[in-house]
Structure formats: C-alpha cells, structure tokens
2 protein chains.
Amino acid sequence: MRTILLLACLLATTPFFAQSEDEKQIRSIYDAALTDGKAYDWLNHLSNQIGGRLSGSVQAQQAVDYTKSQLDSLGLDRVWLQPVMVPKWVRGTPEFAYIETKPGLTTNVPICALGGSVATPDVGLKASVIEVKGIEDLEKLGKDKIEGKIVFYNRPMEPTQINTFASYSGCVDQRYSGAAEAGKYGALGVIVRSMNLRLDNYPHTGSMSYGDTPVENRIPAAAISTKGAELLSTTLKLNPEIKFYFKQSCKQYPDVESYNVIGEIRGTTYPNEIMVVGGHLDSWDLGDGSHDDGAGCVQSMDVLRLLKETGYKPKRTLRVVLFMNEENGLRGGNKYAEVARSKNEKHVFALESDSGGFTPRGFSFDCSDENLKQVQSWAPLFEPYLIHMFVKGGGGADIGPLKDEGLVLAGLRPDSQRYFDHHHAENDTFEHVNKRELELGAATMASLVYLMDKYGTIPTTKIKG
Amino acid sequence: MRTILLLACLLATTPFFAQSEDEKQIRSIYDAALTDGKAYDWLNHLSNQIGGRLSGSVQAQQAVDYTKSQLDSLGLDRVWLQPVMVPKWVRGTPEFAYIETKPGLTTNVPICALGGSVATPDVGLKASVIEVKGIEDLEKLGKDKIEGKIVFYNRPMEPTQINTFASYSGCVDQRYSGAAEAGKYGALGVIVRSMNLRLDNYPHTGSMSYGDTPVENRIPAAAISTKGAELLSTTLKLNPEIKFYFKQSCKQYPDVESYNVIGEIRGTTYPNEIMVVGGHLDSWDLGDGSHDDGAGCVQSMDVLRLLKETGYKPKRTLRVVLFMNEENGLRGGNKYAEVARSKNEKHVFALESDSGGFTPRGFSFDCSDENLKQVQSWAPLFEPYLIHMFVKGGGGADIGPLKDEGLVLAGLRPDSQRYFDHHHAENDTFEHVNKRELELGAATMASLVYLMDKYGTIPTTKIKG
C-alpha cells in the first residue's frame, strides 16, 4: 500500500517521462566516459609528451597545436585559434638555497622562484631572516626590524577547513603580495612557505605581483617547501642570528603571441546562444600540469565528444575553450570575453574545470538564486553518480571576465583534499591522476551541459526579488 | 521577510539548542582530527615499521603488540587481547610465470598465488590455456575442452558501476571459487584476472576456497595482473596453441594462536550497552596493508582518542576492536561474536572501516528502516563535512557475525574510485594514503559514534511494519 502511495506522489510531482529521458541520457554519458573516455589518453599526451606548459614556452605552443589537432579530429562544426599576447617569464637555472647557522655550516633547503619574480644578484643573496605570519606583521615590526633582511612568510594553510580552497585563499596573499609589501620596508628578498597542507620537500610556485613597485625596487621572491619552512622556523628560534642564502636567475621577457584553442558545435535551435566549457591550457613549469589544469582541458574536450557520441545535438551553440595564460596573467580569459563583447555574442552559460582531476562532488555557481534553484532541482538526476554539491561560489578564473554578460557561471567541484599536495609543484604529474576520477568529472560536466542546453537557463533579468 | 520566515520554520522543526551542542561537539571532533590526529602516525608505524601482516606471521604478532601498547598509552578503562586460532598460509618463494608462444620463445608475466592456494609441482606447471569469462562457461565447454588445461578466468570488473565495490562483487567469484569449479572438469590450474579496474602490472591476491574438494584434487590458483591478462588473452586469440607456465611454492601450515586487540571506555550511564568500532589488523602480504585495513584500524583507535580529547564521556561502553584474520578466515570476527554471546553482552551498535583510507562520503547501514531514518535525520549535522551518504548496505565482514544480536551495523563509505588500484597488491602502501583523507574518516566515524551514544538507537523489536 505504502509503495503505491509513494509512486502516486512521485507521478504527481515530477515530469515522469521527461525525467526518464534525462536519466537515460545521463546514464549513457557516464557509461561512455567510463568505457570509452578520451580524456585520460589526451592527458597522457599533454603531460608525458609535452609536459609543463608555461605561457610563452615551446611546450605551450605544442599544447596549442596538439589540442587543436585533436579537436579537428572530432568532427566539430568549427575549430579555431584565438590569438592573444601573453607574458613570458622564464625560470632559468634551477634555484639554490641554504640556511647558514654559522660561517661554513650550511643546510640546503628546497626553494623555487615565484612566478614573475626578479632574479637575485648573480652571486645570490645572503641576509638575516625575520619570520612573520603575514603581511599585517610588517607594520608592527617597522622598517627598523625589516630593512636589509629577508622576510620569511610562514603562515601555514589552515588545516581545519574542509574545503582546502578556503585554506588556500586564507594564505595566498603572502605569496601574491608579500614581496611588494616587504619591499616597502627595505627587505632584500622574501621567502614564502609553500601553499601546501602536507609536510614535504616540494616547493610550490605560483603567481606574484609587484603592484606599482618601480622596477629598481623589486626584490626577489621564492617559495620554500613546507618541511624547509619548518626547519627554517625552528633554526631561527634556536638562533635568530642565522643567515639565509638563495640564488635564482629567472627573467621576464617581452610578451609573445599565443592562442586560446576553441572548438564549437553549432546549436540546432538557438545557434546564437553560446555555452562555454573550458579549462586552461597553460600550466606552471615545475611539474607537467596534469591536475592544474591539463585535467580541466581534457575533460572539457571530452564534454563535446561525449555529447556527440551519445547522439545528443545541442540546441544552443556549445564551445570548448582552452584558455591560455590563466596562471600568470589571465590574458586568455580576458581576450575571450573581449572578443565575445566586440562580436556581440550572447553567452548563456559557462562552466570551468580548474580544481584538479579528482572525484567530482558537484558544482559551485555564480548566478542568481533563481538559477541556482533551477540547477538544484536537477540534483536527483546526479544522485546515482554521488554528485551532491550544488552551491553558490566561484565559477573559475578564465570564465570570470564573461560575468558582465549576465550568464550562469559554474565551476566543477572535485574532492579537494589532495589538490594542494600537487598544486604548482614538481609532483603535479600524470601518475597522480586516476583515470576513473578524471572520467567521472568529464561525465558530470557533460551531464550539466546537457541539462542546461535542454532546459535553458532562466533569464535572470526577468525574475528578481 | 523570507529569511525570517525560513528561520521560524527551522526553529519550529528542529531542536535548536540541542543541535547547536551537537554541531559544536562534531566541529571539535573534526578540528582535533585535522590538527592533532594520531591515525597517520600509527599507520606510518604499522605500514613502514611492520609491513604486511598476514595471519600467523611475525608481522601480525608485531601489529598486535604495537597496537595494544598504543591503546595502553591512551588511558582507556581496559585494554586486552582476545585469543583466537588463525590459519597460517605462507607464500614462499616469489611466483614466476610466462607465456610460451613456441618452445624457447617466452614472455614473463606478473602473477601471485591466491591466498589459500596449493603450490604447483616443484618444477612448475605448464599447459595449454582455455580462456573463460566466468564459472558458468565451464559447463558449456565441458570436460573435453578443459581437462589437462589451465583455465584462465578473464572477466574484467565492470567499469560503469560508480560504486567500485559493486564491480568487485560481480567478479570475485572467479577468484574465490574458480579453482574448485575448474578442478571438477579436470583443469590442472587456474589463472585469474586481477580484481583491478586499472590496467597495470600488479597482480592482486585475495582469498580463495576449495570448498569440499578433497586435498588430492586441489589445483593451484594464481592471479595475473590486468596487463598480463590482456596480453595472455590477445596472445591466445592469435594462437590458441600457446602454453602457460607458472610456479608457486605456497603452503598451508597448522593453525596458530593470535589475538583480537580490544580497548574499552566504560559507559557512564549504560555500561552494559556496548558499541563497537573496528577494522581488521591482518592484511595480505604483498604490500603493507595501508588501505586494507591499516587505515580502518588506526581510524577506529582514533575514534576513542578523539572522543576523550574533546571531553566527551560516552554513556554507553565504547570498544575499539582490531580484528585478526579478516582476509583469510574471519576467525577474529567470529571469535568476538562468540565470546560476546557466551558472556551475554548486549551490543547496540557496531561500526567498521574496511574500505580504504580515502575521503569519507558517508555510511552504509545494515539495520531496520526506522534505525536508518533516525540516522538520516542527523544528515544536516554532517553536511559541513561533505558527508552525504546514509544508505542501506553492508556493515563489514568482521562485525557481521554480531548481526544476530539485533544491533545496528554500519560501515564507513569512503570514495571508492582508487580502492581497487591498491587492494591486495604490492602497491597498497603508505604513500597512497593521504593524511587528511584518513583523518576525515576518523572524525566522521567518531561523530557518528557520538550521536549514536547520545541519542541511543531505536530498539528495533518495538517498531516493526
């Protein structure tokens, strides 16, 4: 009796047949991804045949050529390159650093230059060290205590945050602005604890900015591994007189031309309404950029292929965009939005995957409450795939510049626990990506794109509280 | 206006202040696990100082001694060893196997004896191969096609299942009963495709049984790596006349005495109601048993420590039980239940962690609908920790024998995508366990134990459909 009642309720409240069709389509997307996915093979090539793809590098160009050729082979309606000028920063000779406890007694520690940093003098830089927990400590200490020293930023990522991206946000100001701020107090250089929740020997690079600091006042900045940071901190406590030495020969070159790689399936019914799915093709140079963001690129490419393979023809135009230069400039994202505006293109939805190729948990959305409610109404369709997060939050850096167009922005949210073990470090490599986890991400993205295309997004201008 | 209404609804339907206390307690459990967890250090010792802990081995005894000493140091009310006789099976000289395409032309392939298998003859075993997709193929082929050959079970794990344990269940009969069944048709030995969703070079062992096959009719059984299985299958297709050679010297010894390791916090209010949290201390011998099930052991130990550290005194008696011999006999689980029955102990709840130390997603429950509904009412408390699965399903092998006592059985459900990459293989090792993922599992378990203790389980006999 109970069962029949329950069934009656279900029939009364849900569009039963439509739901069945959606269930079938989504099941076939996941099946195709898990049995015949292409993402892992593409990532293997990007990671193991090409490797780290910093903007302006030979490898970045190889990645453009490779992904374009792969998109060409998919039988899309159009594949093209969108030119964009990008910064070219080069690491140079591997960095070197040590702690000097007394003259002649030194211990090497693993460091790497932060992206965008200037070099040290040719002979390196040796100075006393002052440890701080953040930029706000600088003012308290004042010029007296900082001038002529190396500032050591050592605030760790907060381990009690469940979402590790929140811990990252709480720390990354040290890396991004630490040198510019310490320079104002006469520091000679900065060493920043790596943005990593784990204790290990990998230094993690990442972008930094000198803001409006004149060129002649820019001081070199490097990341130190978390174990190195612990050692340096302990050594300082035992003897505040120790010195730190580091040497790096990185250099900024003039901008060079590069490309966003774009592929498109033209919409059958509303070809002028554009949906974007993408990741960024550039990566840092230390590892091979498998999680950040090779994974997001190959997943995005596979979204189009999976929809094709399962026989779904989008009503709206669907574009995969592999953005160039997310890591140190966001030029690709800005260029894409600029061109879209200049052509008066109507973007209705954009989805980015740039949080690693781990098991997908859901999506975060930058959109109106009404649009979020629409998406949340689809949650039951994702339940069999253990996708359970449909929350407010950021879409992604590359699609951010589209925001003014009033579209729905979304970001894939994979499990975040291991991401910062690898992020921007030498161990962001292919063997740390699990094939199934990567494929589940691609299928989850394709399923959301399918639903967005089929039902359309609620025009936000119409409905407003 | 809307917000106030919503708040009013919330106040009307949930015990607001009680919830706040629960939220606080659970937050402090997670904080303690992530900042001051002991699970990872314990696992480091179990994995890297002791290693694989097959029942009856020196390492199994070392694991008993080590975990008892650690529990002793926690200031529990009682710690003891529960004797249990366990089987002792020894792998002997590492196995060796090759495919012989013609006399003198051979290709080595990675194999390992299945746990409990007999040895091959001293000089090894060489025979033609017949490939099957499962036990049901044997009858179709008949004695004619099988006698004098090696049966090669090559049904892969089904990749489209989202829960990889379901794929495992769909395959493991080949490993468990393949030799007993093929022996009936005169096969000389069996080779079983490893239970692994990934293509790699690791053979995965695991238990097998000869059922009631007389000793003299038992044939040797080994697992082959998934890549080896693909190679063997392809080679067979090209030339069905090829031969397969393998040699293994494993041996079953008489049973030896071992122990379940048990620690207890006596309940303040209902000391006669017992709650169990546990994992199994034994592991296969190929890796170091980090995921299976070192993780479950150290998480269970940390449940008691975390509750103590956060100042929670259980009303009911809480036991950690580290079961011996889950892998090839379940003697520890059976013994624990037997002793509990003989002492007329009242068990109300048992929770096992034996699915790897990966990011926890929730729990499966073997209990009445009413008990499940009770647990599901706690789901909002787990939401901040991204714990979202509260489903019907198995509790765990070791706690299974308690089922007759009418208690609530539960199993931790971590993300399952990577589990079978490591399960029972040489690469089930410490470096594949992420500290935070392990700690989140321990905190999730401790939080459920806290709620179960505080609110009690609904007596199932009272409420029935």
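Residues numbered from 1 in each chain as written. Chains lettered and ligands numbered in written order. Predicted model: local features only at pLDDT ≥ 70, side-chain atom pairs only at ≥ 80, totals over all residues. Heavy atoms only, no water.

- Going by an unreviewed UniProt entry, chain A carries the name Carboxypeptidase Q and comes from Flagellimonas nanhaiensis.
- The record in UniProt for chain A states the following under Subunit (unreviewed entry): "Homodimer. The monomeric form is inactive while the homodimer is active." (UniProt positions renumbered as here; feature names shortened; annotations may be inferred.)

A few points about the overall build of chain A
Then comes step 1: A tally of helices and strands in chain A yields 14 helices and 16 strands.
Then comes step 2: Over its C-alpha atoms, taken along the principal directions, chain A stretches across nearly 80 × 55 × 45 Å.
Then comes step 3: Counting only residues that meet the buried cut, chain A has 58% of its 465 residues in that class.
Then comes step 4: Looking at chain A alone, contacts between residues at least 24 apart form 83% of all its contacts between residues at least 6 apart.
Then comes step 5: About 18600 Å² of surface is accessible on chain A, with carbon and sulfur atoms providing 53% of the total.
Then comes step 6: With 50 positive and 58 negative side-chain charges, chain A shows a separation of 2 Å between the mean positions of the two kinds. (Helix = DSSP H or I, 4+ residues; strand = E, 2+ residues; numbered from the N terminus. Buried < 20%, exposed > 50% of the residue type's maximum accessible area, 1.4 Å probe, protein only. Contact = heavy atoms within 4.5 Å. Areas by Shrake-Rupley, 256 points an atom, 1.4 Å probe, with all protein chains shown as cover. Lys, Arg positive; Asp, Glu negative; His and termini not counted. Charge placed at Lys NZ, Arg CZ, Asp CG, Glu CD.)

Details of the relation of the copies chain A and chain B
Then comes step 1: You can overlay chain A on chain B at an RMSD of 0.0 Å; the transform is a turn of 180° with a shift of 0.0 Å along its axis. What we have between these two chains is a two-fold relation. Within chain A, the C-alpha atom positioned nearest to the axis of rotation is that of H388 of chain A, 3.7 Å from it.
Then comes step 2: Comparing interface residues between copies, 100% of those in chain A also lie at the interface in chain B; the contact surface is shared. (Least-squares fit on C-alpha atoms with pLDDT ≥ 70 in both.)

Details of the pattern of salt bridges
Residues and elements named next belong to chain A.
Then comes step 1: Applying the stated criterion to the full structure yields 60 salt bridges over all chains.
Then comes step 2: Of the charged contacts in the structure, one is a salt bridge between D415 and R361, with a shortest N-O distance of 2.8 Å. Taken together, the residues D415 in the loop between β16 (408-414) and α13 (419-422) and R361 in strand β14 (residues 360-366) connect sequence positions 54 residues apart. One exposure class covers both D415 and R361, and it is buried.
Then comes step 3: Within the structure, one salt-bridge network assembled from shared partners comprises D36, D302, R305 and E309. (Salt bridge = Lys/Arg side-chain N within 4 Å of Asp/Glu carboxyl O.)

Side note on the interface of chain A and chain B
Then comes step 1: Counting from both sides, the interface comprises 27 residues of chain A and, opposite them, 27 residues of chain B.
Then comes step 2: Taken over both partners, the interface formed by chain A and chain B buries close to 2400 Å², and the fraction arising from carbon and sulfur atoms is 56%.
Then comes step 3: Area buried by chain A at its contact with chain B is led by I162, Q417 and R436 of chain A, which between them contribute 27% of it.
Then comes step 4: The tally of links from chain A across to chain B stands at two salt bridges.
Then comes step 5: Notably, a salt bridge pairs R418 of chain A with E437 of chain B, separated by 2.8 Å at the nearest N-O pair.
Then comes step 6: There are 16 residue pairs in polar contact (both at pLDDT 80 or more) connecting chain A and chain B. (Buried area = accessible area lost by both parts, 1.4 Å probe. Polar contact = N/O pair within 3.5 Å; in protein donor to acceptor, adjacent residues only side chain to side chain.)

Thoughts on the sheet that holds strand β14 (residues 360-366) of chain B
Residue and element names in this part refer to chain B.
Then comes step 1: Strand order in the open sheet formed by eight strands is β1-β10-β12-β11-β13-β16-β14-β15, and the pairing between neighbours is mixed. The strands lining the two open edges of the sheet, one partner per strand, are β1 (78-90) and β15 (389-392). When strand polarity is set aside, the average angle formed by the axes of neighbouring strands in this sheet is 20°.
Then comes step 2: With 12 bridges joining them, β1 and strand β10 (residues 251-265) adopt antiparallel strand pairing. Bridging across to β10, Q82 finds its partner in N260. (Pairing = 2+ DSSP bridges. Axes fitted to C-alpha atoms, helices over the stretch in contact; angles between N-to-C directions.)

What about the packing of aromatic side chains?
Then comes step 1: Applying the stated rule across the entire model yields 38 aromatic pairs over all chains.
Then comes step 2: Both rings, one in Y30 of chain B and one in Y385 of chain B, keep their centres 3.8 Å apart while their planes meet at 5°; by these two values the pair is stacked. One end of the pair, Y30 of chain B, is in helix α2 (residues 16-36); the other, Y385 of chain B, is in the loop between α12 (379-382) and β15, with 355 residues separating them in the sequence.
Then comes step 3: Taking the centre distance of 4.9 Å and the plane angle of 80° together, the rings of Y312 of chain B and Y450 of chain B count as edge-to-face. A residue pair is termed long-range when its members are at least 10 positions apart, and Y312 of chain B in the loop between α9 (290-309) and β12 (316-323) and Y450 of chain B in helix α14 (residues 435-455) qualify at 138 residues. The pair Y312 of chain B / Y450 of chain B is uniform in exposure class, with both members buried.
Then comes step 4: Its end group placed over the ring of F165 of chain A, R413 of chain A keeps NZ or CZ at 5.4 Å from the ring centre. (Phe/Tyr/Trp six-rings, centres within 6.5 Å; stacked < 30°, edge-to-face > 60°. Lys NZ or Arg CZ within 6 Å of the ring centre and 35° of its normal.)

Observations concerning the pairing of strand β5 (residues 125-132) of chain A
Residues and elements named next belong to chain A.
Then comes step 1: Summarising the sheet, β5 and strand β9 (residues 243-247) pair through four bridges and their orientation is antiparallel. By the bridge assignment for β9, A127 is matched with F244.
Then comes step 2: Two strands pair when backbone bridges link them, and β5 and strand β6 (residues 150-153) are joined in this way by four bridges, in the parallel orientation. In the sheet register, E131 faces β6, and the bridge partner there is F152.
Then comes step 3: At this point the chain moves from β5, through helix α5 (residues 136-146), to the parallel β6, and the crossover so formed is right-handed. (Right-handed = clockwise from strand over helix to strand, strands pointing away.)

Quick look at the side chain of R155 of chain A
All names here are of chain A.
Then comes step 1: Position of R155 among the secondary structure elements: in the loop between β6 and α6 (164-169).
Then comes step 2: Among the polar contacts listed, one links the side chain of R155 to the backbone oxygen of K133, at a separation of 2.7 Å.
Then comes step 3: A polar contact is formed between the side chain of R155 and the backbone oxygen of G170, at a distance of 2.7 Å.
Then comes step 4: If we ignore the near neighbours within four places in the chain, the residues touching R155 are V132, K133, G134, E136, G170, C171, D173, Q174 and R193.

Quick notes on the sheet that holds strand β7 (residues 189-193) of chain B
Either a parallel or an antiparallel arrangement is found when strands of a sheet pair, and the pairing is made through backbone hydrogen bonds.
Residue and element names in this part refer to chain B.
Then comes step 1: The sheet built from eight strands is open, its strands ordered β3-β2-β9-β5-β6-β7-β8-β4 with mixed pairing. Lying at the two open borders of the sheet, with one neighbouring strand each, are β3 (105-108) and β4 (111-113). Going from strand to strand, the sheet's axes swing by 35° on average, the running direction of each strand aside.
Then comes step 2: Most of the contacts of helix α5 (residues 136-146) go to strand β5 (residues 125-132), to which it runs at about 145°, and overall it touches β5 and β6 (150-153).

Some words on the side chain of R305 of chain A
Then comes step 1: Within the secondary structure layout, R305 of chain A lies in helix α9 (residues 290-309).
Then comes step 2: Once residues lying within four places of it in the same chain are set aside, the contact partners of R305 of chain A are D36, G37, K38, W42 and L74 of chain A.

Side note on the domain arrangement of chain A
Residues and elements named next belong to chain A.
Then comes step 1: The assigned domain composition of chain A is domain 1 (15-89 + 254-455) and domain 2 (92-249).
Then comes step 2: If you average the C-alpha positions of domain 1 and of domain 2, the two centres end up 34 Å apart.
Then comes step 3: Contact with domain 1, which involves 18 residues of that partner, is made by 23 residues of domain 2.
Then comes step 4: Three residues, W89, F420 and D421, lead the burial of domain 1 against domain 2; their summed loss comes to 38% of the area buried on that side.
Then comes step 5: The tally of links from domain 1 across to domain 2 stands at one salt bridge.
Then comes step 6: The partner of D421 in a salt bridge is R198, with the nearest N and O atoms 3.7 Å apart.
Then comes step 7: Put simply, domain 1 and domain 2 have five residue pairs in polar contact (both at pLDDT 80 or more) between them.
Then comes step 8: For the side of domain 1 that touches domain 2, the leading source of residues is α13, giving four residues. (Domains from an automatic or database assignment.)

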